[in-house]
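# Descriptive analysis of the structure
The chain contents come next:
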Amino acid sequence: MMHEVSLRAYAKINLLLDITEKLPNGYHALHMIMQSVGLFDEVTLARGERSIECDDPSVPTDSRNIAWKAADAFAEATGADCAGTRILLKKHIPSAAGLAGGSADGAAVLTGLNLLYETHLTAEALCRIGAKVGADIPFCLTGGTRLALNIGDVLAPLPPLENVTIVLAKPARGVSTKEAYAAFDDARDVSHVRLPSLLFDAAKGDWSRVFSRTCNTFEQFVEVPERVPIKTVMRRNGCTFSMMSGSGPTVFGVFPTRGAAEACAQQLRAIVPDVFVCDPVPCGVQVMQ
Ligand code: ATP
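Small disclaimer: the values here were computed from a predicted structure and weren't measured.

### Considering the packing of helix H8 (residues 227-236) against helix H9 (residues 258-268)
For the pair H8 and H9, the least separation of the axes is 9 Å and the interaxial angle reads 145 degrees. Where H8 crosses over H9, the two elements pack in a sense that is right-handed. Taking contact as the criterion, the partners of Ile-230, Val-233 and Met-234 in H8 are, on H9, Cys-264, Gln-267 and Leu-268. The class makeup of the residues in the contact of H8 with H9 is 5 nonpolar, 1 polar and no charged.

Encoded structure:
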């Protein structure tokens, strides 16, 4: 029997994020293309007294933590006696950044509990549990490059985004995802992309054509003052594409070479506090031991 499991929980960026409508149950229907990137939190689960320990004091360590909610949802769905699980979170993904840091941790907890308690749930079963906890969790469970529809729970694989380097620039002030959706509900004349033709290009792996027409709806009404200066620096350094991720405030740039990405990151550090250079990765959660 396993007593401990360590996992990497990878951040994501949105190569498309279109909110199509508010559903009667209060959720929002989405069209998303998601990409896992090589920035990760370290998540360790161990049998012991129920607790969460986290090295980032701004992250709650009680029932508000997404890792805790994921453990509750897992226990409810499986009946597994996992109330006594210690969860250790070593955060590297900034919070409230649009990078799904909390959702990635939640996905790692579901994956880890399934191993620790030998419950042998299928990927689909984990996905259904995850969707109840957060819209980005189903994607984070599998990761890579995926189309995500509905409330994030309908997923399909896409050809990988390869041979590029990603720069993430996170302005100091976080954005509350809840408030960002409330801004969408109040907004008028939101423009959308035509998914079928975008998918035609994405399914071929023609990312430059996708980048020429994709959007993040949140850019139309979430105010991030640093967004334009970040994009300007990225463009001057030869990025192929830049856009805000999730509900912000992180802006990412896609670069053809590591060298160009590093040079850009250096300049961005004068504008924003958190800048990361990473590669696209093919999974959302990686079991380390
Ligand atoms: P998304 O892109 O899914 O909207 P995000 O990057 O904007 O995610 P998170 O990092 O998931 O946002 O965190 C949002 C809020 O959730 C934060 O205010 C934080 O206090 C809380 N939170 C709960 N659990 C966690 C966790 N494990 N890690 C980080 N934040 C967490």
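Here the narrative resumes, following the displayed structure.
### Focus: the site of the ligand
Close to the ligand lie 20 residues, the nearest being Ile-66, Lys-91, Gly-102, Asp-136 and Thr-177. Here an oxygen atom of the ligand and a backbone polar atom of Ala-96 are 3.1 Å apart. In the model, an oxygen atom of the ligand is placed 3.2 Å from a nitrogen or oxygen of the Ala-97 main chain. Against a free-state accessible area of 620 Å², the protein chains account for coverage of 82% of the ligand. In terms of residue count, the dominant contributor to the shell around the ligand is helix H2 (residues 101-116) (4 residues). Considered class by class, the residues forming the shell around the ligand number 8 nonpolar, 7 polar and 5 charged.

### Some thoughts on the sheet that holds strand S7 (residues 165-170)
If you walk across this open sheet you meet the 4 strands as S8-S9-S7-S10, and the pairing is antiparallel. With one partner strand each, in any of the chains shown, strand S8 (241-244) and strand S10 (274-278) form the two edges of the open sheet. Sheet twist, expressed as the mean angle between neighbouring strand axes with direction ignored, is 15 degrees. Note that S7 and S10 share 5 bridges and pair antiparallel. The partner of Leu-168 across the bridge, within S10, is Phe-276. Most of the contacts of H8 go to strand S9 (residues 251-255), to which it runs at about 10 degrees, and overall it touches S7, S8 and S9. In this fold H9 packs onto S7, S9 and S10, with an angle of close to 175 degrees to the strand it touches most, S10.

### Concerning the domain arrangement of the protein chain
Domain annotation of the protein chain identifies domain 1 (4-158 + 282-287) and domain 2 (165-278). Roughly 2,400 Å² is buried in total at the junction of domain 1 and domain 2, and carbon and sulfur atoms are behind 71% of that figure. When the area that domain 1 buries against domain 2 is broken down by residue, the three leading residues are Leu-15, Leu-17 and Ile-19, summing to 23%. At the junction of domain 1 and domain 2, the tally comes to 1 salt bridge. For the pair domain 1 and domain 2, the interface holds 16 residue pairs in polar contact (both at pLDDT 80 or more).

### With respect to the pairing of strand S3 (residues 51-54)
Here S3 shows a buried face lined by Ile-52 and Cys-54 and an unburied face lined by Ser-51 and Glu-53. Two strands pair when backbone bridges link them, and S3 and strand S4 (residues 85-90) are joined in this way by 4 bridges, in the parallel orientation. Each residue of the ladder has a partner; that of Cys-54, found in S4, is Leu-89.

### Details of H9
For H9, the full list of buried residues reads Ala-260, Ala-261, Cys-264, Ala-265 and Leu-268. The arc enclosing the buried residues of H9, seen along the axis, measures out at 135 degrees, which places them on a common side. Where H9 is buried, its residues meet S7, H8, S9 and S10.

Rules and cut-offs
Residues numbered from 1 in each chain as written. Predicted model: local features only at pLDDT ≥ 70, side-chain atom pairs only at ≥ 80, totals over all residues. Heavy atoms only, no water. Axes fitted to C-alpha atoms, helices over the stretch in contact; angles between N-to-C directions. Helix = DSSP H or I, 4+ residues; strand = E, 2+ residues; numbered from the N terminus. Left-handed = near helix turned anticlockwise from the far one by under 90°. Contact = heavy atoms within 4.5 Å. Nonpolar A, V, L, I, M, F, W, Y, C, P; charged D, E, K, R; others polar. Near = heavy atom within 4 Å. Polar contact = N/O pair within 3.5 Å; in protein donor to acceptor, adjacent residues only side chain to side chain. Areas by Shrake-Rupley, 256 points an atom, 1.4 Å probe, with all protein chains shown as cover. Pairing = 2+ DSSP bridges. Domains from an automatic or database assignment. Buried area = accessible area lost by both parts, 1.4 Å probe. Salt bridge = Lys/Arg side-chain N within 4 Å of Asp/Glu carboxyl O. Buried < 20%, exposed > 50% of the residue type's maximum accessible area, 1.4 Å probe, protein only. Arc of directions from axis to C-beta.

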